[in-house]
Amino acid sequence: MPEIPMQISEIISVCCLKDIEAWKITSSFMVRNIASKEYRVIVPDGEIEAFIKESPPQFKVVGESRYTEQFKGQLLQLLPQDKKSQYGWYLQQFIKLLAINDNEENAIVLIWDADTAPINKLSFISPDGKLIYYKGTENHAPYFETIQKLTGLKKIVSFSFIAQCFPVKVSWLNELCKGIEGKFKMPWVEAVLSQIDFAAPNSFSEYETLGTFISHHHANEVTYSDRPWWRLGNTLLNHVAFLNQKKAAELSKQYDFISFEKWERAKPYFIKVSIPYFFKIYLPSLFNKTPNRHV
């Protein structure tokens, strides 16, 4: 059995221009608080230059077409007209899975949601070599219907693997994909697409699929963290722009990481965000020759 490295080989995030304001801040926290040999963000090809400009130098910026060309046409065709808006949501999940395989078989990769800021120093490998998983609270039945069709496996843990981040050994993903290909006699991406009920909303989760497989087949090689994290960062801080080092240090006593998802906006937005943003962020930036990175 090959020796498993005790370090993350690569952190992978997927992002796009509409989330670049959050990315400018969350990515700086990533390189500061999570050690990795390499860092990579995958973006639409036309947005590469913008992300090179706004990302920490540790990040390699890669165009998504190297992954999406093989399946995006099929995905678009399978999505019903009233579900076309979910195209990007499905797309980014397959990009992550395909990107993991750019690494060596014995590597450990960390998938990290681009809108999430780690505000504590984090480790995802325990001293005895087990991968550490955070817990979420979602329980979306269509995810597990798809998982059972693909693998025959049922959920056996009392929590969700959807927790903004997911460490995985490349060999585990390859094992899952090989099993799916053996069962359906076709490439695993095509097999997964063939089993998703696209008429139902949000019927696939890469985190839950991998997590369910790992909890069945590699239970002795993982451990679970009860450390708290917070999903509603915009409600907590009103806007990601207000997350600076001082505020992160305060919040790190309560949480390990905070997510700033687009759908969640502080209300009333004008009073809680627009006015403070103008005076605290925009106005000071006019007097600074060097842009304020907030971290």
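Please refer to the structure higher up on the page.
**Student:** Any chance you could explain the overall build of the protein chain here in plain terms?
**Tutor:** In terms of regular secondary structure, the protein chain is built from twelve helices and nine strands. Of all intrachain contacts in the protein chain linking residues separated by at least 6 positions in sequence, the fraction that spans at least 24 positions is 80%.

**Student:** Would you mind showing me how to read the layout of surface pockets here?
**Tutor:** Empty space among the atoms can be located by rolling a probe the size of a water molecule over them. Approximately 950 Å³ is the volume found for the largest pocket. Lining of the largest pocket is provided by 33 residues; of these, G88, W89, Q92, K96 and D115 occupy positions nearest its centre. Per-class residue counts for the lining of the largest pocket are 14 nonpolar, eight polar and eleven charged.

**Student:** So what exactly am I meant to see when it comes to the nonpolar core here?
**Tutor:** It is characteristic of soluble globular proteins that their nonpolar side chains tend to be buried jointly. If you look at the biggest cluster of nonpolar residues, it comprises 78 residues, and the most contacted ones within it are L75, F94, W112, F124, F166 and W188. Discounting residues that sit within four places of it in the chain, W188 has contacts with F94, L97, L98, C177, I180 and E181. Core analysis: the second largest hydrophobic core is formed by 13 residues, A117, I119, L237 and F260 among them.

**Student:** Please explain helix α6 (residues 141-151) as it appears in this structure.
**Tutor:** Within an α-helix, residues lying three or four positions from one another point in the same direction, as the helix has 3.6 residues per turn. Residues of α6 that are buried include every one of P142, Y143, F144, T146, I147 and L150, and no others. Here the buried face of α6 lies against α5 (87-100), α7 (170-184), α8 (188-195) and α9 (206-217). In the stretch just after α6, G152 is the one whose phi turns positive, near 80 degrees.

**Student:** Just to check I follow, could you spell out the sheet that holds strand β3 (residues 59-63) for this structure?
**Tutor:** For sheets, the rule is that strands pair by backbone hydrogen bonds, running either parallel or antiparallel. Pairing in this open sheet of five strands is mixed, and the strands run β3-β2-β1-β4-β7 from one edge to the other. Edge strands, defined here as strands with exactly one partner in the open sheet, are β3 and β7 (165-169). Looking at each pair of strands side by side, their axes are set apart by 25 degrees on average, direction ignored. Relative to strand β4 (residues 108-112), strand β1 (residues 10-14) runs parallel, the two being bridged by three bridges. Each bridged residue has a counterpart across the sheet, and for I11 the counterpart in β4 is L110. Against the sheet, helix α1 (residues 20-33) contacts β1, β2 (38-43), β3 and β4, and its axis sits at roughly 130 degrees relative to β3.

**Student:** How should the side chain of E261 be read in this particular structure?
**Tutor:** Relative to the elements of secondary structure, E261 occurs in the loop between β9 (257-259) and α12 (269-286). What makes E261 buried here is its relative accessible area of 8%. At 2.8 Å, the side chain of E261 forms a polar contact with the side chain of R231. Of note is the side chain of E261, whose polar atom sits 3.5 Å from the side chain of S259. Among residues more than four places away in sequence, those in contact with E261 are D115, Q164, R231 and N234.

**Student:** It is not clear to me how a nonpolar patch on the surface should be interpreted in this structure. Could you clarify?
**Tutor:** A contiguous nonpolar patch, built from W230, L232 and L236 and spanning about 220 Å² of accessible area, is present on the exposed surface. Here L232 falls in the partly exposed class, since its relative accessible area comes to 30%.

**Student:** Got a minute to help me understand the pairing of strand β6 (residues 131-134) in this structure?
**Tutor:** On a regular strand, one side chain projects to one face of the sheet and the next to the other, so that they alternate. With burial as the criterion, each face of β6 is covered, one bearing L131 and Y133 and the other bearing I132 and Y134. Strand direction decides the pairing type here: β6 and strand β8 (residues 222-225), joined by four bridges, are parallel. Residue Y133 lies in a different strand from β8, and its bridge partner there is Y224.

**Student:** Just checking my understanding: could you explain the packing of aromatic side chains for this structure?
**Tutor:** Note on aromatic pairs: each is described by the distance of the centres and the angle between the planes. Tallied over the entire structure, the rule returns 21 aromatic pairs. Taking the centre distance of 6.2 Å and the plane angle of 80 degrees together, the rings of W112 and F124 count as edge-to-face. With W112 in strand β4 and F124 in the loop between β5 (116-118) and β6, the pair connects residues that are twelve residues apart, well separated along the chain. The two residues W112 and F124 agree in class, both being buried.

Analysis parameters
Residues numbered from 1 in each chain as written. Predicted model: local features only at pLDDT ≥ 70, side-chain atom pairs only at ≥ 80, totals over all residues. Heavy atoms only, no water. Helix = DSSP H or I, 4+ residues; strand = E, 2+ residues; numbered from the N terminus. Contact = heavy atoms within 4.5 Å. 1 Å grid on protein atoms, 1.4 Å probe; cavity = no way out; pocket = protein on both sides within 12 Å on 5 of 7 lines; lining within 4 Å. Points joined across faces, edges and corners; volume = space filled by probe spheres on them. Nonpolar A, V, L, I, M, F, W, Y, C, P; charged D, E, K, R; others polar. Core = buried A, V, L, I, M, F, W, Y, C linked by side-chain atoms within 4.5 Å. Buried < 20%, exposed > 50% of the residue type's maximum accessible area, 1.4 Å probe, protein only. Pairing = 2+ DSSP bridges. Axes fitted to C-alpha atoms, helices over the stretch in contact; angles between N-to-C directions. Polar contact = N/O pair within 3.5 Å; in protein donor to acceptor, adjacent residues only side chain to side chain. Patch = residues over 30% accessible without salt bridge, like charges linked within 9 Å, V, L, I, M, F, W, Y side chains within 5 Å. Areas by Shrake-Rupley, 256 points an atom, 1.4 Å probe, with all protein chains shown as cover. Salt bridge = Lys/Arg side-chain N within 4 Å of Asp/Glu carboxyl O. Phe/Tyr/Trp six-rings, centres within 6.5 Å; stacked < 30°, edge-to-face > 60°.

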